[in-house]
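# Architecture and fold: a report
Given next are the chains, with one letter for each unit.
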Amino acid sequence: MSTLKTGIASYESMKARTLAIAGGRYKPAEDDPSVWFASVESFAKVLSERNRELLGLIAREKPASLTELAALSGRNKSNLSRTLKTMSQYGLVELKRGHRGAVTPRVRFDRVRLDLALTSASRRAA
């Protein structure tokens, strides 16, 4: 597996960045984040200790369905579904429809790197 590169940026900053890329005024560096969170809090919520444990369980056990994952994790299937959908939106997991419509979760990365600007000068450069 590989490392998911993430960053923190406001909606306005991401919109400006996307428009600059589309307009050819900015070319992202190879090591730029590919996934962006709106805040440190949203990053921390999605990658909480409990959710990281869930990712580890999925990677280790490779459950064939959400039902199997619910049994392995002791978590409610509907809560798992919501959590995994959010993780999927950030590229952390892949959800594949399998046999008889069963959803199979797969972890896409074994590491996450966070690029976080600490000063306003750093934020403007990003």
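Heads up: these notes are all about the structure in this document. In this text the structure is predicted, and so the values were computed from the model without any measurement. (Residues numbered from 1 in each chain as written. Predicted model: local features only at pLDDT ≥ 70, side-chain atom pairs only at ≥ 80, totals over all residues. Heavy atoms only, no water.)

### Observations concerning the overall build of the chain
Rule in force here: Segments assigned H or I by DSSP are reported as helices when at least four residues long, segments assigned E as strands when at least two residues long, and all are numbered from the N terminus. Classification of residues uses two cut-offs on accessible area relative to the type maximum, computed with a 1.4 Å probe and protein chains only: under 20% is buried, over 50% is exposed, and between them is partly exposed. Residues are treated as being in contact if the distance between any of their heavy atoms lies within 4.5 Å. In this tally, Asp and Glu contribute negative charge and Lys and Arg positive charge; neither His nor the terminal groups of the chain are included. We put the charge of a Lys on NZ, of an Arg on CZ, of an Asp on CG and of a Glu on CD.
A count of helical and extended segments in the chain gives six helices and five strands. Reading the chain from its N end, one meets helices and strands in the order β-α-β-α-α-α-α-β-β-β-α. C-alpha extents for the chain along the principal axes are approximately 50 × 25 × 25 Å. Going through the 126 residues of the chain one by one, you find that 30% of them count as buried. Contacts spanning at least 24 positions in sequence make up 61% of the contacts within the chain whose residues lie at least 6 apart. The centroid of the 23 positive side-chain charges in the chain is displaced by 6 Å from the centroid of its 12 negative side-chain charges.

### Here's the deal with the pattern of salt bridges
Selection criterion: Should a side-chain nitrogen of Lys or Arg be within 4 Å of a carboxyl oxygen of Asp or Glu, the pair is scored as a salt bridge.
Within this structure, the stated rule accounts for two salt bridges. The shortest N-O distance in the salt bridge between Asp32 and Arg17 comes to 3.1 Å. Taken together, the residues Asp32 in the loop between α1 (11–22) and β2 (35–37) and Arg17 in helix α1 connect sequence positions 15 residues apart. A residue is classified by how much of its surface remains accessible, and Arg17, at 13% relative accessible area, is buried. For the salt bridge of Glu61 with Arg60, the shortest nitrogen-to-oxygen distance reads 3.9 Å.

### Description of the packing of helix α3 (residues 49–61) against helix α5 (residues 77–89)
For any two helices packed against each other, one specifies the inter-axial angle together with the distance between the axes. Formally: All axes here are fitted lines through C-alpha atoms, helices being fitted over the stretch that makes contact, and every angle between N-to-C directions spans 0 to 180 degrees. Angle categories: roughly parallel below 35 degrees, roughly antiparallel above 145, roughly perpendicular from 65 to 115, and oblique for all the rest. Charged residues are taken to be Asp, Glu, Lys and Arg, nonpolar residues to be Ala, Val, Leu, Ile, Met, Phe, Trp, Tyr, Cys and Pro, and polar residues to be all remaining types, Gly included.
At a minimum axis separation of 12 Å, α3 and α5 run at an interaxial angle of 90°. It follows from the interaxial angle that α3 and α5 lie roughly perpendicular. Where α3 abuts α5, its residues Asn51, Leu54, Leu55 and Ile58 lie against Leu80, Thr83, Leu84 and Met87. By residue class, the composition of the contact of α3 with α5 is six nonpolar, two polar and no charged.

### Some details on the packing of aromatic side chains
Pairs of aromatic rings are described using the distance from one ring centre to the other and the angle between the two planes. Rules: A pair of aromatic rings is counted whenever rings of Phe, Tyr or Trp (Trp by its six-membered ring) have centres within 6.5 Å, and the orientation is called stacked for planes under 30 degrees apart, edge-to-face for over 60 and tilted otherwise.
Tallying each qualifying case throughout the model produces two aromatic pairs. An angle of 85° between the planes, with centres 5.2 Å apart, marks the rings of Phe37 and Phe43 as edge-to-face. The class of Phe37 is buried, set by a relative accessible area of 1%. Classification of Phe43 as buried rests on a relative accessible area of 16%. On the numbers, 4.1 Å between centres and 10° between planes, the contact of Phe37 with Tyr90 is stacked. Taken together, the residues Phe37 in strand β2 and Tyr90 in the loop between α5 and β3 (93–97) connect sequence positions 53 residues apart. Grouping residues by exposure puts Phe37 and Tyr90 together as buried. Here a set of aromatic residues connected by ring pairs shows up, and it is made of Phe37, Phe43 and Tyr90.

### What to know about the sheet that holds β2
Across a sheet, strands are paired by hydrogen bonds formed along the backbone, either parallel or antiparallel in direction. Rules: DSSP calls a pair of strands paired once it identifies at least 2 bridges connecting them.
Read from one edge of the open sheet, three strands run β2-β1-β5, paired in parallel fashion. Strands at the two margins of the open sheet, each flanked by one partner only, are β2 and β5 (109–115). Within this sheet the neighbouring strands show an average axis-to-axis angle of 35°, counted without direction. Inspection of the sheet shows strand β1 (residues 2–8) paired to β2 by three bridges, in the parallel sense. Paired with Thr6 across the strands is Val35, a residue of β2.

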